[in-house]
Amino acid sequence: MHATEFLNQQLKSPSQPESFSIVACVGKQRALKRQVMQSIRRHVFGDDDQEQGSLYNGSNADWRGIHDELKTVSMWSSVRLVVVEDSDPFVSAFRSQLEAYMEQPAKGGLLILDVQTMPANTRLAKLIKEKGDYIECSELSGQALAKYLSDHAQQAYRKKLSRSACELLEQLLGTDLGLLESELSKLASYVGEQSEISVEDIRTMVGGWKTETTWAMLDSARDGRPGHALDCFDQLTISGEASQKLLGGMVFVFRKYAAAASLAVQENIPLSAAIKQAGVFPRDQHNV
């Protein structure tokens with residue numbers, strides 16, 4: 001399952017620590033891995049911040065030491081938690097031992113593997129799914145990313161984040177969740193007591209002058225002022241912005257206008273309604 005699904009399940013109906021024997025956090029999104037591990041630790045140790053289990057680095061971890069640790073009875077908990085960070089080299093070196101261990105895991109031992117790649121069709125992955133949890137910590141995009149950002153803003157900061165605001169964050173920052181979470185934290189502080197982080201807040205705090213110049217370029221192109229649009233484009237490319245990124249942003253914006261025009265014609269609805277339905281940012285709706 002994906003990490004977001006796992007976290008939602010734990011939030012609604014936490015699994016008992018005794019039901020796990022191994023968890024593989026697979027992927028490159030460290031923010032998701034951190035949340036998954038924090039959730040598991042919470043269910044193993046409660047609110048005890050001092051007890052975090054044993055932590056190893058996969059580049060120098062040895063199977064015998066890990067195995068002995070898993071078999072050792074914990075004095076403080078019913079579960080002995082062992083985490084192997086960056087465990088790709090560890091999994092490669094001790095795959096056969098891990099597969100054998102998964103056939104008969106230690107009672108009360110919980111092994112967490114932080115791994116970037118582990119194909120789901122391998123024998124080890126299938127054993128992990130049978131005995132524990134195989135959790136995908138991969139990139140989100142589109143609607144899935146928007147839901148994650150909206151939920152995170154509400155749960156972490158009690159702030160509302162609209163779909164348009166989520167789309168703008170993705171457009172400006174990409175899909176790395178660590179970076180997105182960092183910017184959300186800054187935005188939550190910036191808006192203070194406001195209940196919502198708006199599109200304008202994001203444009204002001206995240207984008208800076210490059211974002212303002214990009215919007216000016218898009219506005220000029222939309223309003224039939226190609227000369228000014230090209231001037232803005234020139235400023236941005238001189239500042240180091242990649243042409244592909246700028247053109248991608250233009251496609252992102254104008255695709256919505258094209259979709260609105262198509263809706264208005266095909267469904268015979270007013271253009272203003274079609275523009276809203278197509279997801280054009282509120283600040284731009286009255287300019288079309």
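This text goes with the structure placed above it.
Residues numbered from 1 in each chain as written. Predicted model: local features only at pLDDT ≥ 70, side-chain atom pairs only at ≥ 80, totals over all residues. Heavy atoms only, no water.

Here we look at the packing of helix α5 (residues 95–103) against helix α6 (residues 123–131)
And then number 1: Viewed as axis vectors pointing N to C, α5 and α6 meet at an angle of 30 degrees, and their least axial separation amounts to 10 Å. Judged by the inter-axis angle, α5 sits roughly parallel to α6. The two elements α5 and α6 meet at a crossing, and its hand is left-handed. Here R95, L98, E99, M102 and E103 of α5 come into contact with α6, specifically with R123, L124, L127, I128 and K131.
And then number 2: Taken together, the residues of the contact of α5 with α6 break down into five nonpolar, no polar and five charged. (Axes fitted to C-alpha atoms, helices over the stretch in contact; angles between N-to-C directions. Helix = DSSP H or I, 4+ residues; strand = E, 2+ residues; numbered from the N terminus. Parallel < 35°, antiparallel > 145°, perpendicular 65-115°, else oblique. Left-handed = near helix turned anticlockwise from the far one by under 90°. Contact = heavy atoms within 4.5 Å. Nonpolar A, V, L, I, M, F, W, Y, C, P; charged D, E, K, R; others polar.)

As for the nonpolar core
And then number 1: Counting residues in each nonpolar core, the largest one holds 56 residues, and the members touching the most others are L149, L161, L169 and I202.
And then number 2: Looking at this core, the element that brings in the most residues is helix α2 (residues 30–45), giving seven residues.
And then number 3: If near-sequence neighbours (up to four positions away) are discounted, L169 is found in contact with L149, L161, G174, L180, L184, L187, I202 and V206.
And then number 4: By size, the runner-up hydrophobic cluster in this structure holds 25 residues, among which are A24, F94, L113 and A125. (Core = buried A, V, L, I, M, F, W, Y, C linked by side-chain atoms within 4.5 Å. Buried < 20%, exposed > 50% of the residue type's maximum accessible area, 1.4 Å probe, protein only.)

Some remarks on helix α8 (residues 163–173)
And then number 1: Looking at α8, one finds that the buried residues are S164, A165, C166, E167, L168, L169 and L173.
And then number 2: Where α8 terminates, the next one or two residues include G174, which has phi positive at roughly 90 degrees.

Some details on unusual backbone geometry
And then number 1: Here D86, not a glycine, exhibits a phi torsion of approximately 45 degrees, which is positive.
And then number 2: Among the secondary structure elements, D86 is positioned in the loop between β3 (80–85) and α4 (88–93).
And then number 3: Phi angles above zero are rare outside glycine, and N268 is one such case at about 55 degrees.
And then number 4: Following the sequence through the fold, N268 ends up in the loop between α12 (243–266) and α13 (271–278).
And then number 5: Among the residues examined, N268 registers a relative accessible area of 69% and is labelled exposed.

Details of the side chain of D114
And then number 1: Within the fold, D114 resides in strand β4 (residues 109–115).
And then number 2: Residue classification places D114 among the buried residues on the basis of a relative accessible area of 1%.
And then number 3: Separated by 2.5 Å, the side chains of D114 and K33 make a polar contact.
And then number 4: The residues contacting D114, other than those within four sequence positions of it, are C25, R30, K33, M37, V84, E85, D86, S87 and D88. (Polar contact = N/O pair within 3.5 Å; in protein donor to acceptor, adjacent residues only side chain to side chain.)

Section: the packing of aromatic side chains
And then number 1: Applying the stated rule across the entire model yields four aromatic pairs.
And then number 2: Seen in terms of ring centroids, W63 and F90 are 6.4 Å apart; in terms of plane orientation they differ by 40 degrees. Their pairing is tilted. One end of the pair, W63, is in helix α3 (residues 63–71); the other, F90, is in helix α4, and 27 residues separate them in sequence.
And then number 3: For the pair F90 and F94, a centre-to-centre distance of 5.3 Å together with 50 degrees between the ring planes defines the contact as tilted.
And then number 4: Taking relative accessible area as the criterion, F94 reaches 17% and is therefore assigned buried.
And then number 5: Taken together, W63, F90, F94 and Y101 form an aromatic cluster joined through their ring pairs.
And then number 6: The ring of Y134 is capped by K129, whose NZ or CZ atom sits 5.0 Å from the centre of that ring. (Phe/Tyr/Trp six-rings, centres within 6.5 Å; stacked < 30°, edge-to-face > 60°. Lys NZ or Arg CZ within 6 Å of the ring centre and 35° of its normal.)

Details of the packing of helix α7 (residues 142–157) against helix α9 (residues 177–191)
And then number 1: Axis separation between α7 and α9 bottoms out at 11 Å; the angle between their running directions is 45 degrees. It follows that α7 is oblique to α9 by the angle criterion. Once α7 is placed against α9, the crossing between them reads as right-handed. In this structure, α7 contributes L145, Y148, L149, H152 and Y157 to the contact, and α9 contributes L177, L180, E181, L184, S185 and A188.

Some details on the pattern of salt bridges
And then number 1: Tallied over the entire structure, the rule returns 13 salt bridges.
And then number 2: Taking the shortest distance from any N to any O, the salt bridge between K33 and D114 comes out at 2.5 Å. Of this pair, K33 sits in helix α2 while D114 sits in strand β4, placing them 81 residues apart in sequence.
And then number 3: Owing to a relative accessible area of 2%, K33 belongs among the buried residues under this scheme.
And then number 4: For E103, the salt bridge is made with R123, and the minimal N-O distance between the two is 2.6 Å. In this pair, E103 sits in helix α5 while R123 sits in helix α6, placing the two residues 20 residues apart along the sequence.
And then number 5: On the basis of relative accessibility, which here comes to 44%, the residue E103 falls in the partly exposed class.
And then number 6: Residues participating in the shared-partner salt-bridge network are R30, K33, D86 and D114. (Salt bridge = Lys/Arg side-chain N within 4 Å of Asp/Glu carboxyl O.)

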